[in-house]
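# Descriptive analysis of the structure
Chain by chain, the residues run as shown.
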Amino acid sequence: MKTYYNPEDLKKFGNIGEFEPNLAKKFFDYYGEVFKEGALTAREKSLIALAVAHAVQCPYCIDAYTVDTMEKGCDEQQVMEAVHVAAAIKGGALLVHSVQMMNKFKELSM
Amino acid sequence: MKSLKVQQHPLSPAQRQIETLEQSAFTPFAEKLDLIGLLPLKPTHLDIFQINMGKMCNQVCKHCHVDAGPDRKEIMTRDMMELCLIAIRKTSVTTIDLTGGAPEMNPDFRWFVEELSALGKKIIVRCNLTIIVANPKYNDLPDFFKKHQIEVVSSLPYFTAIKTDSQRGEGVFEKSIKALKMLNEVGYGIEGSNLIINLVYNPAGAFLPAAQHALELEFKLKLWKQYGIVFNSLFAITNIPVNRFLNYLITSNNYEGYMEKLVNAFNPGAAAGVMCRNTISVSWDGYLYDCDFNQMLELNVSTPLSRHLSDFNTEILENRNIVVNEHCYGCTAGAGSSCGGTTV
Ligand code: SF4
Ligand code: SF4
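Residues numbered from 1 in each chain as written. Chains lettered and ligands numbered in written order. Predicted model: local features only at pLDDT ≥ 70, side-chain atom pairs only at ≥ 80, totals over all residues. Heavy atoms only, no water.

### Here we look at the overall build of chain A
To be explicit about the condition: In DSSP terms, a helix is any run of H or I states spanning at least four residues, a strand is any run of E spanning at least two, and both are numbered starting from the N terminus. For the radius of gyration, the atom set is restricted to C-alpha positions; the globular benchmark scales as 2.2 Å times the number of residues to the power 0.38. For this analysis, residues touch if any pair of their heavy atoms sits within 4.5 Å. Per-residue accessibility takes into account occlusion by the displayed protein chains alone, with areas from the Shrake-Rupley method and a 1.4 Å probe. Positive charges come from Lys and Arg, negative ones from Asp and Glu, while His and the chain ends are left out of the count. Charge coordinates come from a single atom per side chain, which is NZ of Lys, CZ of Arg, CG of Asp or CD of Glu.
Looking only at helices and strands, one finds 5 helices and 0 strands in chain A. Order of helices (α) and strands (β) in chain A, N terminus to C terminus: α-α-α-α-α. For a compact globule of 110 residues, the expected C-alpha radius of gyration is about 13 Å, and chain A comes in at 19 Å, more than 25% above that figure. Principal-axis analysis of the C-alpha atoms places the extent of chain A at approximately 60 × 35 × 35 Å. Here the analysis covers contacts within chain A between residues at least 6 apart in sequence; of these, 48% occur between residues at least 24 apart. Per element, the accessible surface of chain A, about 8500 Å² overall, is 67% carbon and sulfur. Distance between charge centres in chain A, computed from 12 positive and 15 negative side chains, equals 6 Å.

Here's what the structure looks like:
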């Protein structure tokens, strides 16, 4: 079955340098730096990445960071809590706009 | 759950497992070693004498590379243990490592430990924890271990019941916690006691282990906060594609992906530090192997002159070529893996 997303393409991520090597190199160097152990642990960063992957709904990133969090010792409960954080922020970001809706509603109401 | 052997599972014969491993499309492990100048793989020196006392076990863990279980009857006889003692006296090994199955189930286990104890070497027992509470006759094992200053190494794949039980069987976590408390009570893991209990983490699935130091911190925190349990070190071990773990990989459709992961994570530093370079592994029936995994794959030591305890010869063994195959990628991935955890 042909789909827009092919799991095999994830392995080809590095190939983006084929069309523009300089920017790709800069990106991958930066990417590598970002995920290094720092003020946040590599594990905390991996959980953030997993949550963001859900928020941006990228199947490649979801696959990659599910494996990565598992390999950083996270269990089912921890990864699901991370996803709920993303969901809460996404949901909250949507709901907070309802203040604008309410303002407008009230503005136009008698 | 029955062992693969008793099920007469098609993957049970060692030859079948080797064929499966060798059919894969990736670069052969030996070639990889050759590229970094490590072929033939040679021992550095013989330091650890590891004895697999048999395949009998009270558990039937899903990932078991021994294919152990209550239905396995192959265990070491006292005669064979006598031969072990003779062989050990011919060496200058510092450590005797007792494994299984559950070595404590062997009726001559205590006799053997007492004899080994007299040799003045460090003795490790790979205790699955639940055996301590499996039957009243084993309840005094913590005291017995303490008496002989045994270093206890025990598997606990996670600090939650759900993950531990999914790999090691229903109720294993609760029993393991109980056994750990009994070990703590006699002094194991307590600062200043000199009684060592190390835990082993291995992934509950087809993925690589996390960084050992990070896991150790988390295990220490969680086990202390929730159960008041202390331990010394945590060893993070990679699952090796042998016996039931190999079967799990194949039946769950994870085999190719897992092997690819191991091959891609090949680390030359870890290859130089593989445990077979300072270990000899003895089977319940006295044959000699480069490691417990080779033992399960029936890959005997390459030298025909010292294949069994009855013709044990340290010099010949220290000059042998170590037998490698595709499962070896499990020892060389990432930070490396051995019976003592990561190697780099
Ligand atoms: S992994 Fe250890 S405890 Fe589990 S079945 Fe195998 S030998 Fe027994
Ligand atoms: S599986 Fe055994 S022989 Fe192969 S590298 Fe690991 S310890 Fe050595």
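### Side note on the site of ligand 2
Rule in force here: Note on definitions. A residue lies near a molecule or strand when any single heavy atom of the residue is within 4 Å of it. Side-chain classes follow a simple rule in which Ala, Val, Leu, Ile, Met, Phe, Trp, Tyr, Cys and Pro form the nonpolar group, Asp, Glu, Lys and Arg form the charged group, and the remainder, Gly included, forms the polar group.
Residues in close proximity to ligand 2 include V274(B), M275(B), C276(B), C291(B), F293(B), N294(B), V323(B), H327(B), C328(B) and C331(B), which together make up its full environment. Residues that form the shell around ligand 2 fall into these classes: 8 nonpolar, 2 polar and no charged.

### Remarks on a nonpolar patch on the surface
All names here are of chain A. To be explicit about the condition: Surface patches are drawn from residues lacking salt bridges whose relative accessible area is over 30%; two like charges belong together within 9 Å, two nonpolar side chains (Val, Leu, Ile, Met, Phe, Trp, Tyr) within 5 Å. Take a side-chain nitrogen of Lys or Arg and a carboxyl oxygen of Asp or Glu: if they are within 4 Å of each other, that pair is a salt bridge. Relative accessibility thresholds used throughout: buried, under 20% of the residue-type maximum; exposed, over 50%; partly exposed, between the two (1.4 Å probe, protein chains only).
A cluster of nonpolar residues, F13, I16, F27, Y30 and V34, forms a patch on the protein surface that exposes about 450 Å² of accessible area. Within the fold, Y30 resides in helix α1 (residues 21-34). Overall, Y30 belongs to the exposed group, its relative accessible area being 55%.

### Considerations on the site of ligand 1
Lining the immediate surroundings of ligand 1 are C57(B), Q59(B), V60(B), C61(B), C64(B), A68(B), G101(B), N128(B), R168(B) and R244(B). For the shell around ligand 1, the class distribution of residues is 5 nonpolar, 3 polar and 2 charged.

### Focus on a negative patch on the surface
Residues and elements named next belong to chain B. On the surface, D79, E82, E114 and E115 cluster together into a patch of negative charge. Going through the elements one at a time, α4 (78-89) and α5 (109-117) are the ones with two or more residues in the negative patch. D79 sits in the exposed class, given a relative accessible area of 60%.

### Details of the interface of chain B and chain A
What counts here: Buried area: the accessible surface (1.4 Å probe) lost by two parts on joining, summed over both.
Each partner contributes to the interface: chain B provides 14 residues, whereas chain A provides 11 residues. With both sides pooled, the region where chain B packs onto chain A buries about 930 Å², and carbon together with sulfur makes up 45% of that total. Its largest share of buried area at the contact with chain A, chain B owes to Y158(B), K163(B) and F207(B), together 39% of the area lost on that side. Taken together, chain B and chain A are joined by 4 salt bridges.

### Regarding helix α4 (residues 76-96) of chain A
Heads up, the condition is: Take the residue count of a helix, subtract one, and multiply by 1.5 Å to get its expected span. Read the arc as the range of directions from the helix axis to the C-beta atoms.
Between its first and last C-alpha atoms α4(A) spans 30 Å; for 21 residues at 1.5 Å apiece the expected length is 30 Å, and the two agree. The complete set of buried residues in α4(A) reads Q78(A), V79(A), A82(A), V83(A) and A86(A). Along α4(A), the residues classed as buried sweep out an arc of 145° about the axis, all on the same side. When the buried face of α4(A) is taken as reference, the exposed residues oriented beyond 90 degrees from it are Q77(A), E81(A), H84(A), A88(A), L95(A) and V96(A). Packed against the buried residues of α4(A) are α2 (42-55) and α3 (59-71) of chain A together with α10 (212-227) of chain B.

### Looking at the side chain of N294(B)
Residue and element names in this part refer to chain B. Among the structural elements, N294 can be located in helix α14 (residues 292-296). Residue classification places N294 among the buried residues on the basis of a relative accessible area of 1%. Residues in contact with N294, not counting those within four places in the same chain, are Y289, L299, V323 and H327.

### Concerning the sheet that holds strand β3 (residues 122-126) of chain B
All names here are of chain B. What counts, and what does not: Any two strands with at least two DSSP-identified bridges between them are counted as paired.
On the basis of which strands lie adjacent, the open sheet formed by 8 strands has the order β6-β5-β4-β3-β2-β1-β7-β8 and mixed pairing. Of all strands in the sheet, those bounded by a partner on one side alone are β6 (234-236) and β8 (288-289). Inspection of the sheet shows strand β7 (residues 279-282) paired to β8 by 2 bridges, in the antiparallel sense. Opposite S281, over in β8, you have Y289 as the bridge partner.

### Re α1(A)
Rules: By the criterion applied in these results, polar contacts are pairs of N or O atoms within 3.5 Å in which, for protein atoms, one can donate a hydrogen and the other can accept it, and in which residues neighboring in sequence qualify only through two side-chain atoms.
Under the 1.5 Å per step criterion, the end-to-end length of α1(A) is 20 Å for 14 residues, consistent within 8% with the ideal 20 Å. Between the side-chain oxygen at the start of α1(A) and the backbone nitrogen of N22(A) there is a gap of 3.2 Å, and the oxygen is on E20(A).

### Observations concerning the pairing of strand β5 (residues 197-201) of chain B
Residue and element names in this part refer to chain B. Spelled out, the test is: Place the viewer so that the strands point away; then a crossover is right-handed whenever the path from the first strand over the helix to the second strand goes clockwise.
With respect to burial, β5 is a largely interior element, 5 of its 5 residues being buried. The alternating pattern of β5 places I197, L199 and Y201 and N198 and V200 on opposite faces, both of which are buried. Bridge count between β5 and β6: 3 bridges; the pairing is parallel. Within β6, the residue paired with Y201 across the bridge is A236. Since β5 and β6 lie parallel, the crossover through α10 that links them has a hand, and here it is right-handed.

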